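Overview (structure and organization)
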Amino acid sequence: MSKNILDYETVDLDVESGELVVIDQTKLPGNIKIIRLKTAKDIWDAIYLLKVRGAPAIGVAAAMGLYVLALNHKNDDNVTFFKKLEEYRDYLNSARPTAVNLSWALARMYRLAQSMKNEPVSVILDALRDEALTIKKEDIEVCRAIGEYGLSLVKPGDGILTHCNAGQLATCKYGTATAPIYLGYERGYDFKVYADETRPLLQGARLTAFELHSAGIDVTLICDNMSATVMKQGKINAVFVGCDRVAANGDTANKIGTSVVAAVAKYYNVPVYICAPTSTIDLDTPTGDQINIEQRPGTEVTEMWYKERMAPDGVKVYNPAFDVTDHSLISGIVTEYGIAYEPYTESLKKLKEQGR
Ligand code: MRU
């Protein structure tokens, strides 16, 4: 039987060759291309250009990437090694600002190295390799746990709407928002999934519809401006989306358009669940107003996915990659330790503490 997209690793470390290995998601769904990355510029570009994307997958790629880059300094003294490690950490961290998993994973790797700073470099490198592999392993376990909690919020036959791609391609397995869908599928829940195409980069059409369809799940692709229609028609029982950063008060940054879906869902009394590993909860950011929203090139809107340019030359384009959904529009935040409800300032803090 031929392999389907779910048989590939979204992010991997080739321990033998010391390379970061990812699916180039910009080529999906037409072409499953695996790329091997070894230089700082190639790893940075892969994150910035969304070859590897989705908050948890970015975190894992950055952790593995940092290890791969640190390998170049295996013969250096400790002072030089740490100087380079710090440089690589800051460089990779500058690739994308909104997903907190990027800085979270890099900080975790750096902290570990610092905790053994007087050990030989070879010993530090072994520990960094193991830590990167652990971050990946944890991501799979965390997503599965999110799936179990998420599944408790819906029933067989339900219609579920999702936005962007918070699927296996955004993580190492199961996804976050798609984890309840995959687990439900295994148990015969027969969900009807609606995937927003997700302008401008079409993660919903190219990635979510692709991976769910490949898994045999009943998925229907809709344009972003159709969510009100399917909700009004009673086709949607719950919205499950992922997120890039959850502020301490529950305000949530996710792919641009999520807050529109959440506002419409509130109007039609459809619950909105944010699926988030606790690594995506950022208690140091008090509210959504402090979240740094990535701005991306206007060409993504005007021409990137078209055969020819679809806007007049020289027209101004505003292209924020994420928006913030106000916590008042969110029915619950599903984590690996359970579901947080209002007041989020208290419930999120409790869940984070459980993680420590
Ligand atoms: O720009 P992207 O494709 O990286 O945006 C991804 C999202 O917005 C996802 O919903 C989010 O990272 C959660 S992934 C589990």
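**Observations concerning the packing of aromatic side chains**
What characterises a pair of aromatic rings is the spacing of the ring centres plus the angle enclosed by the ring planes. Counted under the stated rule, the structure contains 7 aromatic pairs. Centroid distance Trp 44 to Tyr 48: 5.3 Å. Interplanar angle 20°. Geometry classified as stacked. Within this pair, Trp 44 and its partner Tyr 48 are both found in helix 1 (residues 40-48), separated by 4 residues, close to a single helical turn. The interplanar angle of 20° and the centroid separation of 5.9 Å between the aromatic rings of Trp 44 and Tyr 91 together place this pair among those described as stacked.

**Some remarks on the domain arrangement of the protein**
It is common to report an interface's size as the accessible area lost on association of the parts. Partitioning the protein into domains gives domain 1 (5-143) and domain 2 (146-355). The C-alpha-based centres of domain 1 and domain 2 are spaced at 25 Å. Summed over both sides, the interface of domain 1 with domain 2 buries roughly 3,000 Å², with 59% coming from carbon and sulfur. In terms of surface lost to domain 2, no three residues of domain 1 exceed Leu 6, Thr 98 and Cys 143, which account for 23% of the buried area on that side.

**A look at the site of the ligand**
What surrounds the ligand is a group of 18 residues, the closest being Arg 53, Ala 55, Arg 96, Asn 254 and Lys 255. Between Arg 53 and the ligand, the recorded distance is 2.8 Å, taken from a side-chain N or O atom to an oxygen atom. The separation between an oxygen atom of the ligand and a polar main-chain atom of Gly 54 is 3.0 Å. Within the complex, 100% of the 410 Å² of free accessible area of the ligand lies under protein. The set of elements that each furnish at least two residues to the shell around the ligand consists of helix 2 (55-70) and strand 9 (252-255).

**Quick look at the pattern of salt bridges**
One pass over the full model with this rule turns up 24 salt bridges. With a shortest N-O distance of 2.8 Å, Glu 138 and Arg 108 are connected by a salt bridge. Taken together, the residues Glu 138 in helix 5 (residues 121-151) and Arg 108 in helix 4 (residues 100-115) connect sequence positions 30 residues apart. With relative accessibility at 29%, the residue Glu 138 sits in the partly exposed group. Assessed through its relative accessible area of 14%, Arg 108 is described here as buried. For Lys 192, the salt bridge identified is with Asp 218, shortest N-O distance 3.9 Å. Separated by 26 residues along the polypeptide, Lys 192 in strand 5 (residues 192-196) and Asp 218 in the loop between helix 7 (203-214) and strand 6 (219-222) bring together distant segments of the chain. Connected through shared salt-bridge partners, Arg 96, Glu 294, Arg 296 and Glu 300 make up one network.

Criteria and cut-off values
Residues numbered from 1 in each chain as written. Predicted model: local features only at pLDDT ≥ 70, side-chain atom pairs only at ≥ 80, totals over all residues. Heavy atoms only, no water. Phe/Tyr/Trp six-rings, centres within 6.5 Å; stacked < 30°, edge-to-face > 60°. Helix = DSSP H or I, 4+ residues; strand = E, 2+ residues; numbered from the N terminus. Domains from an automatic or database assignment. Buried area = accessible area lost by both parts, 1.4 Å probe. Near = heavy atom within 4 Å. Polar contact = N/O pair within 3.5 Å; in protein donor to acceptor, adjacent residues only side chain to side chain. Areas by Shrake-Rupley, 256 points an atom, 1.4 Å probe, with all protein chains shown as cover. Salt bridge = Lys/Arg side-chain N within 4 Å of Asp/Glu carboxyl O. Buried < 20%, exposed > 50% of the residue type's maximum accessible area, 1.4 Å probe, protein only.

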